[in-house]
2 protein chains.
Amino acid sequence: MPKTAKIPKAAITRLSIYYRQLECLESKGCQMVSSEKLAGLCHVNSAQVRKDLGYFGEFGIRGVGYDVVNLLAQLKNCLALNRNWNIGLVGVGRLGAALLHYQNVSVRGFRCVAAFDNNPALIGKIIPHNLVIRDIKDLCRVVQELNIEIGVITTPPEVAQGVAELFLKAGVNAILNFSPARIRVPDSCLVENIDFTVKLDILTYKISHGIGL
Amino acid sequence: MPKTAKIPKAAITRLSIYYRQLECLESKGCQMVSSEKLAGLCHVNSAQVRKDLGYFGEFGIRGVGYDVVNLLAQLKNCLALNRNWNIGLVGVGRLGAALLHYQNVSVRGFRCVAAFDNNPALIGKIIPHNLVIRDIKDLCRVVQELNIEIGVITTPPEVAQGVAELFLKAGVNAILNFSPARIRVPDSCLVENIDFTVKLDILTYKISHGIGL
DNA sequence: CATTGTGAACTCATTCACAGCG
DNA sequence: CGCTGTGAATGAGTTCACAATG
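Residues numbered from 1 in each chain as written. Chains lettered and ligands numbered in written order. Predicted model: local features only at pLDDT ≥ 70, side-chain atom pairs only at ≥ 80, totals over all residues. Heavy atoms only, no water.

## Considerations on the relation of the copies chain B and chain A
- Take chain B, turn it by 180 degrees, move it 0.0 Å along the axis, and it overlays chain A with an RMSD of 0.1 Å. The transformation relating the two chain copies, once decomposed into turn and shift, fits a two-fold axis. Every residue of chain B has its C-alpha some distance from the rotation axis, and the shortest such distance is that of B:Leu95, at 3.1 Å.
- Of all interface residues in chain B, 100% are interface residues in chain A too; the two copies therefore contact each other through one and the same surface. (Least-squares fit on C-alpha atoms with pLDDT ≥ 70 in both. Contact = heavy atoms within 4.5 Å.)

## Quick look at the protein's contact with DNA strand D
- The immediate surroundings of DNA strand D are formed by 26 residues, with A:Arg14, A:Arg62, B:Ser35, B:Arg50 and B:Tyr66 found nearest.
- A distance of 3.2 Å is found between a phosphate oxygen of DNA strand D and a backbone nitrogen or oxygen belonging to B:Phe59.
- Interatomic distance of 3.1 Å between a backbone N/O atom of B:Gly63 and a sugar or linking oxygen of DNA strand D.
- Of all elements in the fold, only helix 1 (9-27) and helix 3 (46-54) of chain A together with helix 3 (46-54), strand 2 (60-61) and strand 3 (65-67) of chain B reach the threshold of two or more residues within the surface near DNA strand D.
- By residue number, the principal contributor to the surface near DNA strand D is helix 3 of chain A, which donates four residues.
- Looking at side-chain class alone, the surface near DNA strand D contains eight nonpolar, eight polar and 10 charged residues. (Near = heavy atom within 4 Å. Polar contact = N/O pair within 3.5 Å; in protein donor to acceptor, adjacent residues only side chain to side chain. Helix = DSSP H or I, 4+ residues; strand = E, 2+ residues; numbered from the N terminus. Nonpolar A, V, L, I, M, F, W, Y, C, P; charged D, E, K, R; others polar.)

## Looking at the interface of chain B and chain A
- With 62 residues of chain B at the contact, the number on the chain A side is 62 residues.
- Summed over the shared surface of chain B and chain A, the result is eight salt bridges.
- Residue A:Glu192 is joined to B:Lys199 by a salt bridge in which the shortest nitrogen-to-oxygen separation is 3.6 Å.
- In this structure, the connection of chain B to chain A is made through 12 residue pairs in polar contact (both at pLDDT 80 or more).
- At the level of elements, helix 1 (9-27), helix 2 (35-42), strand 4 (85-90), helix 5 (94-105), strand 9 (174-177), strand 10 (190-193) and helix 8 (196-208) of chain B are the ones that each hand at least two residues to the side of chain B that touches chain A.
- Across the side of chain B that touches chain A, the residue classes break down as 36 nonpolar, 14 polar and 12 charged. (Salt bridge = Lys/Arg side-chain N within 4 Å of Asp/Glu carboxyl O.)

## Looking at the protein's contact with DNA strand C
- For DNA strand C, the set of nearby residues contains 26 residues, the closest of which are A:Ser35, A:Arg50, A:Gly63, A:Tyr66 and B:Arg14.
- Taking the atoms of DNA strand C that fall within 4 Å of the protein, sugar and phosphate contribute 66% of them.
- One nitrogen or oxygen atom from the side chain of A:Arg62 is found 3.3 Å from a sugar or linking oxygen belonging to DNA strand C.
- Take B:Lys9: an N or O atom from its side chain is 3.1 Å from a phosphate oxygen of DNA strand C.
- For the surface near DNA strand C, the element with the highest residue contribution is helix 3 of chain B, accounting for four residues.

## Describing the environment of A:Leu203
- Looking at where A:Leu203 falls in the secondary structure, it is placed in helix 8 (residues 196-208).
- A:Leu203 gets classed as buried once you look at its relative accessible area, which sits at 0%.
- Residue contacts for A:Leu203: discarding those within four places in its chain leaves B:Ile150, B:Ala174, B:Ile175, B:Leu176, B:Leu190 and B:Glu192. (Buried < 20%, exposed > 50% of the residue type's maximum accessible area, 1.4 Å probe, protein only.)

## What to know about the pattern of salt bridges
- Under the defined criterion, the tally for this structure stands at 18 salt bridges over all chains.
- Note that B:Asp195 and A:Arg20 form a salt bridge whose closest N and O atoms lie 4.0 Å from each other. Taken together, the positions of B:Asp195 in the loop between strand 10 and helix 8 and A:Arg20 in helix 1 put the pair across two chains.
- Notably, a salt bridge pairs A:Arg108 with B:Asp201, separated by 2.3 Å at the nearest N-O pair. Placement of the pair is A:Arg108 in the loop between helix 5 (94-105) and strand 5 (110-117) and B:Asp201 in helix 8, with the two residues belonging to separate chains.
- Each of A:Arg20, B:Arg182 and B:Asp195 takes part in a single network of salt bridges with overlapping partners.

## A short note on the pairing of strand 10 (residues 190-193) of chain A
Residues and elements named next belong to chain A.
- Burial of strand 10 is one-sided: the residues Leu190 and Glu192 facing one way are buried, the residues Val191 and Asn193 facing the other way are not.
- As judged from the four bridges shared by strand 9 (residues 174-177) and strand 10, these two strands associate in the parallel manner. If you follow Ala174 over to strand 10, its bridge partner there is Leu190. (Pairing = 2+ DSSP bridges.)

Keep in mind these numbers describe shape, not what the thing actually does.
Below, the structure is given as structure tokens:
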């Protein structure tokens, strides 16, 4: 029974990390796991694990721990990974192409069902998994046709905002933005940014301030 | 004068974002910026901007705002971007190759000076910017020769831990990990993870819980 | 009796509100 | 007069510590 307590956003991030570690444990044939053990794998406090899980229900057995398979199933529910999600990607440069290869192969219910670009030299090309690169002009139509709910932006930063607005117009209001530009969208639209230059800056900051010895 | 107050880690992340927006403003010829305006560009509270900057000094002019060029120079110092940083990348798959193209071209003082792989078909190949793909076995020697301080992991998750340990042995203790595996390192080593599957999970969670309308 | 689940204590981060100043 | 800089107030998130329990 999902409680109504406020769930920290960081808890969702951790849930996703737990999920992955559990997959890993399952594939190794591990049947039970304690909060202590899972915490170790994810580099967090064990009370944190228990509290995070506690936001969504009581999944453990006192004195024993958590059943790996069961906990996976529960988390799948919590994170809404128990269904398919159709993704559309804009910007088939090297990064975009890398993601298209990666995503389709694997993972969970995420399926990249369309790729777009504005480069005439690319449009019409077939990429892995029988995907054809489409003209960005067709984005709106294709989004509706294929029921795309998540948009991925892997364009140069100059055009990221424009692409975001296309997605919005098409009714997509969840965006994963790989460009370093900060895109501006209404509150009704979700955005997650993946910006590795920020991560590099964090490293240089910490190195030169002697953090981590 | 750098204060000794505790600086939230999130503040560093924001500093990096301010930096980028300021670069953008500078390139548009904008000379002055208020905390209000910068906050708007970065989607944060203006008091937050002032407080974050306040951790490092007094960079503004009361009643006026911040001089864009000066603030950029100050932040460059804070983030230790006023020097070059040599990077070594392991795993020249599609993602690794995409980063090698991207990084060298651009940005700040980050220079990818070496690329490694264990695939004999790749070793010896020349990639952009006259970089040659080296044998992973030579990592330790090359790290010393080229004075590499930051390691980037773009391998499949199964080998990420092993690569991290190679970096450690070579004396690199700042790692940017693009693999979804959680790597285990001593506290003296800094790790930043870039895991887009986590970001996807966050989106699906929020979509299906009606967050953002 | 080992481990979960959780209120309460604590630590960390953000925002407010206004004094200080160019 | 407007905007910065900052102590004080608020809010959020994490950890502790232990009662509950299979």
